[in-house]
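# Structural overview
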Amino acid sequence: MATLASSPELARTAPQTGARPAAIARWLQATAFLVVCIVVVGGITRLTESGLSITEWNVASGVLPPLTEAQWEAEFAKYRATPEYRLEASLGGMSLGDFKFIFFWEWFHRLLARAVGVVYALGLAWFWIRGAIPQGFKPRLVGLLALGGLQGLFGWLMVQSGLTGDMTDVSHFRLSLHLLTALALLAGLVWTALDMRRLARDPAERPAPLTKGSALVALVLFVQLLLGAWVAGLNAGHAAYDWPLMNGRLVPAFDWSSGVLWTLTHDPYLLQWLHRWWAWVAVAALVWLARRVRRADRRASIAVHAAFGTMVLLGIATVMTEVSLWVASAHQLVGALTVAATVWAIHADGIARRQARLPATK
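Per-chain numbering applies: the sequence of each chain, read as written, is numbered from 1 onward. The predicted origin of the model limits local features to residues at a pLDDT of at least 70 and limits the giving and counting of side-chain atom pairs to 80 or more, whereas totals for whole chains, interfaces and linings rest on all residues. Here the side-chain values reflect all heavy atoms present in the structure, with hydrogen atoms and water set aside.

With that settled, the discussion passes to the overall build of the protein. Of regular secondary structure, the protein possesses twelve helices and zero strands. The order of α-helices and β-strands along the protein, N terminus first, is α-α-α-α-α-α-α-α-α-α-α-α. The dimensions of the protein, computed from C-alpha atoms along their principal axes, are 85 × 50 × 35 Å. With 362 residues in all, the protein has 45% of them scored as buried. Within the protein, contacts between residues at least 6 apart in sequence are counted, and of these 78% link residues at least 24 apart. The method behind every accessible area is Shrake-Rupley, applied with a 1.4 Å probe, and residues are considered shielded solely by the protein chains displayed. Counting every atom, the protein has about 18,300 Å² of accessible surface; 67% of that belongs to carbon and sulfur. Each helix is a run of H or I in the DSSP string that is no shorter than four residues. Each strand is a run of E no shorter than two, and both are numbered from the N terminus. Burial here depends on accessible area, computed with a 1.4 Å probe over protein chains only, as a share of the maximum for the residue type. Under 20% is buried, over 50% is exposed, and the range in between is partly exposed. By the convention used here, residues are in contact when the closest approach between their heavy atoms is within 4.5 Å.

Structure follows, in structure tokens:
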């Protein structure tokens, strides 16, 4: 009888002793949940213009908020030196109580960021030391750790962009980089958790491939998310409060005087208009994806339909409520859930297409 050592084919398909893909999947899903939370709180931080309330990044000492009145006054004094306070917040008057409100959201956002890092890093170390990581997955898991660190770095660079010169807001380019990196991290966590779930059911399973059609859907959704990030960064949601028209017009007037590139990346009217109408391109792509995977994974198909349908309705409601804090926050929440649902469907599509190419077995 051939042994595993003498049979390369069996050795490749044999389960790895000690691997715990089901437990790793649960850990990745828990981390993904925290990433969704941080995306939502980040949206609230932007909507309440709280992002510049903490002017320093202290990894350890920043875990605790100010605990005495003197500490609060010191933090408030740092904020009063920022361009946002001098040129904007001070004009309407800001009390220490008002400052505490915006400080809370930025502090909570950073606290969640630390929680994501700790949960992921400790989990990775534990599974690594225990020899529980399936063969071939260590580079991917380390890559996700690096992506999380990069996302945090982009967050600090974003804050720095609003602390100098006459900037009363952070750079919308850096904001979009920060947000889209978080959503990329969410996508990677969900995808890897799905791979682990399949591996737990069958140790001979291979990671799901990415099909060309699904990659195109992902690109369409990426454009919509990028436009949404720019809309948020430029406060372009306030450009018009009616729908489907914008200020009574199907196509509002755009200012092209600074050049096409500048207008495409800075004009709030054009960006809100593009975000509104590219949404229907994204809807068409997601409908196609959902129908494509309906037989392979009906739950993934339903999740995609439910997510993008809710996201569109909340987007319209955000406009018509004049960017209500909680409606807009719900819109961003469902945006993150749409990313997760889309990754689920894309993963199912890859598995289905690969199985369709396999020869039939008797």
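Past the structure itself, the notes keep going.
Any two of the Phe, Tyr and Trp rings considered here, Trp counted by its six-membered ring, make a pair once their centres fall within 6.5 Å; the pair's planes then place it as stacked at under 30 degrees, edge-to-face at over 60, or tilted in between. Across all of its chains, the model carries 16 aromatic pairs by this definition. Linked through ring pairs, Trp 72, Phe 76, Tyr 79, Tyr 85, Phe 99 and Phe 103 together constitute an aromatic cluster. Only when the NZ of Lys or the CZ of Arg is both within 6 Å of the ring centre and within 35 degrees of the ring normal is a charge said to sit over the ring. The ring of Phe 76 has Arg 80 lying over it, and the distance from NZ or CZ to the ring centre is 4.6 Å. Sitting over the face of the ring of Trp 57, Arg 114 holds its NZ or CZ atom 4.8 Å from the ring centroid.

What follows is about the nonpolar core. Counting residues in each nonpolar core, the largest one holds 77 residues, and the members touching the most others are Leu 28, Leu 183 and Leu 186. Within the residue set of this core, elements represented by two or more residues are α2 (21-47), α5 (96-129), α6 (138-160), α7 (172-201), α8 (212-233), α10 (268-292), α11 (298-320) and α12 (325-357). Contact partners of Leu 186, with chain neighbours within four places excluded, come to Ala 32, Val 35, Val 36, Ala 336 and Val 339. In plain words, nonpolar cores are sets of buried Ala, Val, Leu, Ile, Met, Phe, Trp, Tyr and Cys residues tied together by side-chain atoms within 4.5 Å.

This next bit is on the side chain of His 178. Looking at where His 178 falls in the secondary structure, it is placed in helix α7. For His 178, a relative accessible area of 12% corresponds to the buried category. At 3.1 Å, the side chain of His 178 forms a polar contact with the backbone oxygen of Gln 151. What His 178 contacts, discounting residues up to four positions off in sequence, is His 109, Gln 151, Phe 154, Gly 155 and Met 158. Polar contact criterion, stated in full: a pair of N or O atoms within 3.5 Å, where within protein one must be able to donate a hydrogen and the other to accept it, and residues adjacent in sequence count only if both atoms are side-chain atoms.

A word on α7. Taking 1.5 Å as the rise per residue, α7 with 30 residues should run 44 Å; its terminal C-alpha atoms sit 44 Å apart, in good agreement. Counting buried residues along α7, 22 of its 30 residues qualify, which places the element largely inside the surrounding structure. N-capping of α7 is provided by Ser 171, with a side-chain oxygen placed 3.2 Å from the backbone N of Phe 173. In this analysis, the expected span of each helix is defined as 1.5 Å times one less than the number of residues it contains.

Moving on, we get to the packing of α6 against α7. Note on geometry: axes are lines fitted to C-alpha atoms, helical ones only across the stretch in contact, with angles between N-to-C directions running from 0 to 180 degrees. Two numbers describe how α6 lies on α7: the axes approach to 9 Å, and their chain directions differ by 160°. As the angle between them shows, α6 and α7 are arranged roughly antiparallel. Two packed elements cross with a definite hand, and for α6 against α7 that hand is left-handed. Angle categories are assigned with fixed cut-offs, so that under 35 degrees is roughly parallel, over 145 is roughly antiparallel, 65 to 115 is roughly perpendicular, and the rest are oblique. Left-handed describes a crossing whose near helix is turned anticlockwise from the far helix through less than a right angle; right-handed describes the clockwise counterpart.

This paragraph deals with a nonpolar patch on the surface. On the surface, Trp 243, Leu 245, Leu 250, Val 251, Trp 277, Trp 280 and Met 320 cluster together into a nonpolar patch covering about 640 Å² of accessible area. Looking at where Val 251 falls in the secondary structure, it is placed in the loop between α8 and α9 (260-266). Two distance rules govern patches: like charges are joined within 9 Å, and nonpolar side chains (Val, Leu, Ile, Met, Phe, Trp, Tyr) within 5 Å, applied only to residues with over 30% relative accessible area and no salt bridge. Any carboxyl oxygen of Asp or Glu that lies within 4 Å of a side-chain nitrogen of Lys or Arg is treated as forming a salt bridge with it.

Attention now goes to the environment of Val 119. Considering the arrangement of structural elements, one finds Val 119 in helix α5. Note on Val 119: relative accessible area 32%, which makes it partly exposed. Distance from Val 119 to Met 320, taken between C-alpha atoms, is 39 Å for residues 201 residues apart in sequence. Residues within four places of Val 119 in sequence aside, it is in contact with Trp 27, Thr 31 and Leu 34.

Here α11 contains 23 residues, and its C-alpha end-to-end distance of 33 Å stays within 8% of the 33 Å for a straight helix at 1.5 Å per residue. Those residues of α11 that are buried are in contact with α10 and α12.

What follows is about the pattern of salt bridges. It is possible for side chains bearing opposite charge to pair when their charged atoms get close. Applying the stated criterion to the full structure yields nine salt bridges. For Glu 75, the salt bridge identified is with Lys 78, shortest N-O distance 3.5 Å. Within this pair, Glu 75 and its partner Lys 78 are both found in helix α3 (residues 69-80), separated by three residues, close to a single helical turn. Put simply, Asp 349 and Arg 292 hold a salt bridge, and the shortest N to O gap is 2.7 Å. Pair noted here: Asp 349 is in helix α12 and Arg 292 is in helix α10, with a separation of 57 residues, a long-range link. For Arg 292, a relative accessible area of 30% puts it in the partly exposed group.

Read these as geometric descriptors, not functional statements.
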